[in-house]
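Inside the fold
The lines below spell out each chain.
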Amino acid sequence: MIKKIALVFLVLLLVGCHTKKSVIVTQKDDRYSATRYKKNTNPIATKLPSINGTVLDYIANYKDVAISNMKNYGIPASIILAQGILESGAGKGSLAATANNHFGIKCHNDWSGETVLKDDDSAQECFRKYNDPAESFKDHAIFLTTRNRYANLFELPKDDYEAWAKGLRLAGYATDPNYPEKLIANIERYELYQYDSQVLGKKFTLNKKKMESAPVAENQSQGEYEVQKGDTLFSIAKKFNLDIETLKQKNNIIDNSLYVGQKLRLK
C-alpha cells in the first residue's frame with residue numbers, strides 16, 4: 001500500500017512539473033479583448049513566421065490581377081496583395097471561402113449585391129459577397145478610388161508602400177493600430193514591391209535565395225496556428241476570419257485563456 005501511494009505521488013509530481021506554461025488571459029470589454037500575460041523569454045515567440053507556402057501560392061494566383069489593378073486604378077500591387085494576404089488569411093479564411101471576399105469589405109449603404117453576416121468588431125456584421133475572387137479585387141479597387149477619405153493616398157508615390165500602408169490606417173480602412181506594420185512586414189517578407197517596380201519600369205533585385213530556402217508550407221496551411229506573444233482569441237479569430245465561439249469550440253477552450261506556443265485548430 002505504501003509503495004502504491006508513493007508511486008501515485010511521483011506521477012502527480014511529474015505531471016505538475018510538465019504543465020507549467022506562460023499563460024495569456026483575455027478579458028472582454030466593449031470591443032476588444034484586453035490581454036495579460038506573464039513574461040516569456042522564448043525567442044521563438046517574438047520571431048516573424050517563416051515564409052508560408054500557402055502565401056506563395058496566393059501571390060502566384062493573384063499577382064497578375066494586382067498588377068492589372070495597379071495599372072488601371074493606381075493602387076500599388078504590393079499593397080493590393082498584402083491586404084489580400086492579411087484580410088483573407090491568404091485565401092484560407094472563412095470570409096474568402098464562403099463569400100469570395102478577400103479584403104474584408106463590409107456592406108455599407110451603397111452595396112446592393114449578396115451579403116453574409118459575420119462577427120467582427122461587432123456581432124453579425126454585414127459583409128459583401130462576390131461570385132468569384134476577381135470581383136472582390138475589382139471592388140476593392142473601386143472602393144478605394146471612389147471614396148473621398150482615400151483620395152490623399154493617390155497623391156503618394158506608387159512605389160512608397162510604407163506611406164500607403166500608413167495612409168490606409170489613417171483613412172480608416174482598419175481599426176487595428178498595427179495594420180500598417182503588418183502590411184509592410186508581408187510586403188518585405190515576400191518582396192511584393194517587385195510587382196510595383198514591374199509596373200513602373202524600375203529595376204529591382206529579388207532575393208531568390210531567401211525565397212527558395214523557405215519552407216514550402218507552415219502549420220497554418222494545415223489548419224493549425226501556434227499562439228504568439230500578444231495574441232488574443234479576438235485577434236486570432238479575426239486573422240483567420242473565424243468567429244470566437246467557433247474557435248473556442250474547435251479547441252475546447254472554456255475560459256478565454258491562451259498560452260504562448262499553444263497549437264490551435266483552425267479547421
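Check the entry above for the structure.
Residues numbered from 1 in each chain as written. Predicted model: local features only at pLDDT ≥ 70, side-chain atom pairs only at ≥ 80, totals over all residues. Heavy atoms only, no water.

Moving on, we come to the environment of Leu81. Within the secondary structure, Leu81 sits in helix H3 (residues 77-88). When the C-alpha atoms of Leu81 and Lys63 are compared, they prove to be 7.0 Å apart, with 18 residues separating the residues in sequence. Apart from residues no more than four positions distant in its own chain, Leu81 is found in contact with Tyr58, Ile59, Tyr62, Lys63, Ala66, Leu192 and Tyr195. (Helix = DSSP H or I, 4+ residues; strand = E, 2+ residues; numbered from the N terminus. Contact = heavy atoms within 4.5 Å.)

Moving on, we come to the pattern of salt bridges. As enumerated under the stated definition, the model contains 8 salt bridges in all. Salt-bridge contacts for Arg128 lead to Asp139; the nearest nitrogen and oxygen are separated by 2.7 Å. Here Arg128, found in strand S4 (residues 125-128), pairs with Asp139, found in helix H5 (residues 133-145); they are 11 residues apart in sequence, far enough to count as distant. By relative accessible area, Arg128 is classed as buried at 3%. Given the relative accessible area of 11%, Asp139 is considered buried. (Salt bridge = Lys/Arg side-chain N within 4 Å of Asp/Glu carboxyl O. Buried < 20%, exposed > 50% of the residue type's maximum accessible area, 1.4 Å probe, protein only.)

Here we come to the packing of helix H2 (residues 53-73) against H5. Relative orientation and spacing of two packed helices are given, respectively, by the angle between their axes and the distance between those axes. As a packed pair, H2 and H5 sit with axes 11 Å apart at the nearest point and diverge in direction by 35 degrees. Taken as a pair, H2 and H5 cross one another with a handedness that is right-handed. Here Tyr58, Tyr62, Val65, Asn69 and Tyr73 of H2 come into contact with H5, specifically with Pro133, Phe137, Lys138, Ala141, Ile142 and Thr145. Of the residues that constitute the contact of H2 with H5, the class distribution is 8 nonpolar, 2 polar and 1 charged. (Axes fitted to C-alpha atoms, helices over the stretch in contact; angles between N-to-C directions. Left-handed = near helix turned anticlockwise from the far one by under 90°. Nonpolar A, V, L, I, M, F, W, Y, C, P; charged D, E, K, R; others polar.)

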